[in-house]
Amino acid sequence: MEYIAVLAPSIVVGLIFWFAMKSIFNADKSERQAEAKAQAEANLKNSGPTSEGPAAK
């Protein structure tokens, strides 16, 4: 029973750290996906054919 009392705080701190890191990585992944989507939309909008501008002349 002493082993549980000794190891429990370390296990709890380890689990808290693991959950915190997992949430940080998930947030970063979501942010990267959103940024890539916004960049793709901006590229599509800027590279589309236009009827105005120097190329049309």
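Residues numbered from 1 in each chain as written. Predicted model: local features only at pLDDT ≥ 70, side-chain atom pairs only at ≥ 80, totals over all residues. Heavy atoms only, no water.

J.: Even after reading the chapter, I still don't get the packing of aromatic side chains, so can you show me in this structure?
T.: What characterises a pair of aromatic rings is the spacing of the ring centres plus the angle enclosed by the ring planes. On inspection of all chains with the given rule, the structure shows one aromatic pair. Between Trp 18 and Phe 19, the ring centres sit 4.9 Å apart and the planes meet at 65 degrees, which makes this aromatic pair edge-to-face. (Phe/Tyr/Trp six-rings, centres within 6.5 Å; stacked < 30°, edge-to-face > 60°.)

J.: Please explain the UniProt feature "transmembrane region" (unreviewed entry) in the protein as it appears in this structure.
T.: Summarizing the sequence annotation, UniProt attributes the feature "transmembrane region" (unreviewed entry) to residues 6–25 in the numbering used throughout. Taken end to end, residues 6–25 has its terminal C-alpha atoms 30 Å apart, with 100% of it in helix and 0% in strand. (UniProt positions renumbered as here; feature names shortened; annotations may be inferred. Helix = DSSP H or I, 4+ residues; strand = E, 2+ residues; numbered from the N terminus.)

J.: Where do I start with helix α1 (residues 2–47) in this structure?
T.: Along its 46 residues, α1 runs 68 Å from first to last C-alpha, staying within 8% of the 68 Å computed at 1.5 Å per residue. Residue Ala 8 marks the point of greatest curvature in α1, where the axis turns by about 35 degrees; the proline Pro 9 follows within four residues. (Expected span 1.5 Å × (residues − 1). Bend = angle between axes of the 7 residues up to and from the residue.)

J.: I tried to follow the pattern of salt bridges on my own but got confused; where do I start?
T.: Should their charged atoms come close, side chains of opposite charge can pair. All chains considered together, the criterion is met by one salt bridge. Of the charged contacts, one joins Arg 32 and Asp 28 as a salt bridge, the two residues approaching to 2.9 Å between their closest N and O atoms. In this pair, Arg 32 and Asp 28 are both assigned in helix α1, four residues apart and thus about one turn of the helix distant. (Salt bridge = Lys/Arg side-chain N within 4 Å of Asp/Glu carboxyl O.)

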